[in-house]
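Results of the structural survey
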Amino acid sequence: MSAPVGLRRPPGVLGEILDRTVAELPGLVAGPPAPGPRRDFVGALRAPGLSLIAEVKPRSPSAGALRPALDVAAVCAAYAPHAQAVSVLVDGPHFGGSFALLAQVRARVPCPVLAKGFFVDERQIDAAAAAGADAVLLMAALLAPARLGALRAHARSRGLAALVEAHDATELAEVVASGATVVGVNSRDLATLRIDRARGRALLATVPDDRVRVAESGLHSKADVDAVRGLADAVLIGSAFMAAPDIAARIVAMGLGR
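Throughout what follows, the structure given in this document is the object of discussion. (Residues numbered from 1 in each chain as written. Predicted model: local features only at pLDDT ≥ 70, side-chain atom pairs only at ≥ 80, totals over all residues. Heavy atoms only, no water.)

1. Observations concerning the packing of aromatic side chains
Going through the model one piece at a time under the given rule, you end up with 2 aromatic pairs. Pairing Phe-95 with Phe-118 gives two aromatic rings, centres 5.9 Å apart and planes at 40°, and the pair type is tilted. On the criterion of sequence distance, the pair formed by Phe-95 in the loop between strand S4 (85-89) and helix H4 (99-106) and Phe-118 in the loop between strand S5 (113-116) and helix H5 (122-131) is long-range, its members being 23 residues apart. The two residues Phe-95 and Phe-118 agree in class, both being buried. (Phe/Tyr/Trp six-rings, centres within 6.5 Å; stacked < 30°, edge-to-face > 60°. Helix = DSSP H or I, 4+ residues; strand = E, 2+ residues; numbered from the N terminus. Buried < 20%, exposed > 50% of the residue type's maximum accessible area, 1.4 Å probe, protein only.)

Listed below in structure tokens is the structure:
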């Protein structure tokens, strides 16, 4: 099968990741979807208050190894009492994740699990479904509108929700126009990897109220979290927790304890 059409190649690290992702697609083999019902990702994020999507993220391109000795059971035990959903990186080379890691997490938490990676092809969504994901991340930075629509439809056909992410005003307009229910705003410049929280908040303020709004990237303190209350329905946080000696204490300190 040839590479999918309708992709965008952004500059910098994300473009390099895209090239590698496309090159690896022919070797990706997904088993049948995991048995059992999917957990309600959208409903979980619509719970009263600011919802938490806590992320299992062993490493990052900007910070390197975040938790070199990853104890999946311990991380899940820290997340389970507080998180409305858990995000798991499924990219290996840059983030230390995998679909196998997602399956381990899914078995240890009671909430919905988001497969976070660089999804450009239906085969990846099938692999996420086979690993037990309840939702997938789709990035407007990688997907032209027609391709984004095709992958959202394929995810729905597998029973998966989609968190559709934008990182600038042009992408956000496309995401909103696509009809995406869960809209993520990434405060990170995907070319330079720099964080601009003010830009992220400004974009969140333009997302229609009927969508589930998710603030992503650069949230490291209670002040950062408080700044998006009222603008976002949920926050997605990984690095701040994964680098913390006591994950549960860090969640509470950031005002996200339950």
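More follows now that the structure is in view.
2. Regarding the layout of surface pockets
There is about 270 Å³ of room inside the largest pocket. Thr-21, Glu-24, Val-90, Phe-99 and Gln-124 are, among the 15 residues lining the largest pocket, the residues nearest its centre. Per element, the largest residue contribution to the lining of the largest pocket is 3 residues, and it comes from helix H1 (residues 12-24). Here the lining of the largest pocket is composed, by residue class, of 7 nonpolar, 5 polar and 3 charged. (1 Å grid on protein atoms, 1.4 Å probe; cavity = no way out; pocket = protein on both sides within 12 Å on 5 of 7 lines; lining within 4 Å. Points joined across faces, edges and corners; volume = space filled by probe spheres on them. Nonpolar A, V, L, I, M, F, W, Y, C, P; charged D, E, K, R; others polar.)

3. Quick notes on empty space enclosed by the protein
One water molecule sets the probe size; rolling that probe over the atoms shows where empty space is left. Tallied over the entire structure, the rule returns 2 cavities of 30 Å³ or more. A volume near 480 Å³ is recorded for the largest cavity. Elements supplying a minimum of two residues to the lining of the largest cavity: H1, strand S6 (135-139), strand S10 (234-237) and helix H10 (239-242). Counting residues per element, the lining of the largest cavity draws most heavily on H1, which supplies 3 residues. Forming the walls of the second largest cavity are Val-185, Ser-187, Arg-197, Gly-200, Arg-201, Leu-204, Ala-215, Glu-216, Ser-217, Leu-219 and Val-228. Sorting the residues of the lining of the second largest cavity by element identifies helix H8 (197-204) and strand S9 (212-216) as the ones contributing at least two each.

4. Considerations on helix H6 (residues 145-157)
Taking 1.5 Å of rise per residue, 13 residues should cover 18 Å, and H6 covers 18 Å from first to last C-alpha, within 8% of that figure. Those residues of H6 that are buried lie in contact with H5, S6 and strand S7 (161-166). Gly-159 sits one or two residues past H6 and shows a positive phi near 80°. (Expected span 1.5 Å × (residues − 1). Contact = heavy atoms within 4.5 Å.)

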